[in-house]
Structure formats: structure tokens, C-alpha cells
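# Commentary on secondary and tertiary structure
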Amino acid sequence: MFKQIIKWTVLVIATLVITLATFSSTIFAAATGKPTPSWGAWDQTTITYKTNTGSSYYKSIWKNAVKRWNKVGVVQLKAAKSGEKADITLTSSASLSTKSGKLAGYTNYSYLNKGNDNEIVSAKSTLNRSLLTKYGYTKNQRTNVATHEIGHALGLSHSSSKSSVMYASDRYASIDHQDKVGLADAYND
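Reference entry: report on the structure contained in this document. (Residues numbered from 1 in each chain as written. Predicted model: local features only at pLDDT ≥ 70, side-chain atom pairs only at ≥ 80, totals over all residues. Heavy atoms only, no water.)

## Quick word on the overall build of the chain
Scanning the chain for helices and strands turns up five helices and seven strands. Along the chain, helices and strands appear, N-terminal first, in the series α-β-α-β-β-β-β-β-β-α-α-α. Partitioning the intrachain contacts of the chain with sequence separation of at least 6 by distance along the chain shows that 70% fall at a separation of at least 24. (Helix = DSSP H or I, 4+ residues; strand = E, 2+ residues; numbered from the N terminus. Contact = heavy atoms within 4.5 Å.)

## Thoughts on the side chain of Ser 125
Inspection of the secondary structure assignment puts Ser 125 in strand E7 (residues 117-128). A polar atom in the side chain of Ser 125 sits 3.4 Å from the backbone oxygen of Glu 149. (Polar contact = N/O pair within 3.5 Å; in protein donor to acceptor, adjacent residues only side chain to side chain.)

## Considering the pairing of strand E6 (residues 105-114)
With 10 bridges connecting them, E6 and E7 associate as antiparallel partners. What sits directly across from Ser 110, in E7, is Ser 122. Hairpin remark: E6 followed by E7, antiparallel, with two residues in the connecting loop; positive phi at Gly 115, about 70°. (Pairing = 2+ DSSP bridges.)

## Points about helix H4 (residues 139-153)
Look at H4: 21 Å from first C-alpha to last across 15 residues, which is about the 21 Å you get at 1.5 Å a residue. Burial within H4 is extensive, with 13 of its 15 residues counted as buried. Trailing H4 by a residue or two, Gly 155 shows a phi angle of about 110°, which is positive. (Expected span 1.5 Å × (residues − 1). Buried < 20%, exposed > 50% of the residue type's maximum accessible area, 1.4 Å probe, protein only.)

## Some words on the pattern of salt bridges
Oppositely charged side chains are able to pair whenever their charged atoms sit close together. One pass over the full model with this rule turns up one salt bridge. In this structure, the salt-bridge partner of Lys 114 is Glu 119, at a minimum N-O distance of 2.7 Å. Residue classification places Glu 119 among the buried positions, given a relative accessible area of 16%. (Salt bridge = Lys/Arg side-chain N within 4 Å of Asp/Glu carboxyl O.)

## Observations concerning the sheet that holds strand E3 (residues 88-93)
Pairing in this open sheet of five strands is mixed, and the strands run E2-E1-E3-E7-E6 from one edge to the other. Edge positions in the open sheet fall to strand E2 (76-79) and E6, since each of these has one partner strand only. Pairwise comparison of adjacent strand axes, ignoring direction, gives a mean angle of 25° for this sheet. Packed on one face of the sheet, helix H2 (residues 56-72) meets strand E1 (46-51), E2, E3 and E7 and runs near 145° to E7. Packing against the sheet, H4 makes contact with E2, E3, E6 and E7, and its axis sits at approximately 155° to E7. (Axes fitted to C-alpha atoms, helices over the stretch in contact; angles between N-to-C directions.)

Read these as layout, nothing more, since geometry by itself doesn't imply function.
Set out below in C-alpha cells:
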């Protein structure tokens, strides 16, 4: 009986130590990461979008990326009603080139400069189908790129952290804690 009590006591103590170590390292990691920077925000947190592509495959990629941002809980991306002008247009293109070369995705936007804050008034995010196919992006990796582009449409800039979905050139990252904090900072001013 005494051995049983000691065994359970050791088990409880070990569980507490592991739990506290995990909890404190999570807090430490969250405290040391810089929020993803932002360049602007919409004037409201409910933002409409429309998917403007004939490809059901790319429609599903955009839908998954929208779900990811909605899950964060800072903004609510909502499909625009038929005939309604959407705030953000989500599309794909056979190719996509800019002055800086061929890109996996690109977002352009219009905004009003309001001192320290820019108010976004429209955005269009595009995925480059040929480049994504040429380099063998999986559906999840394409969704990561779509999530990155929507991040720009929501006002986030590039992050210097490779674990951030907003890192400039990484198909492997999804929304990270610092992306959530950066988005919350942009919309809670």
C-alpha cells in the first residue's frame, strides 16, 4: 500500500513538472516573438470577399485560407452576396509576373493614408497557377500561399520569422501566434 502511494505521488509530481515546463515555455516563446507587422487595416472587422476563378480546385484553396483567418477571431471574412461589391477579390491566374519577377501569389490594394494608419478600401489577391504547379506545391502549401496573400489583404506586412505565414518566401508556414497578435494589433487600435 505504501509503495502504491509513493508511486502515485511520483506520478502526480512528474505530471505537474511536465505541465508547468510546457506552460512556461509556451509563455516564454509567445513573449519573445515579435508580432507580425501591419501596414493598415479595414475600417471594420467584417470584410466581404468574392472568389473570382472558374477553378473549383482554387475556390477550395481560397475557402480554406478564409477559414484559417476566420478561426483567428479578429476579423470575419464573409462571402459577398451575389451582385454585391466585395472588399477583397480572390482569384488565380495562368501566370503572374511583377517587376520583381514571377511570384507564387500577389496582392494589390487601394488604401487611404490616415497618418500612422492606412485604411484599406479594396484588395485583390491572386495565385499563380503555373508556378505553383511547376514547383509541385501541394494543396496545403497552396493554401499557405493563399493564407499569406489574404494576410496582406487584411493589412499584414512581411514577417522576419520563418514560422510566420507572413514570411516572404515560405510555402510551409501557416498562421502563427505572432500573426494572430499582429492582426489583433492592427484591428484593436
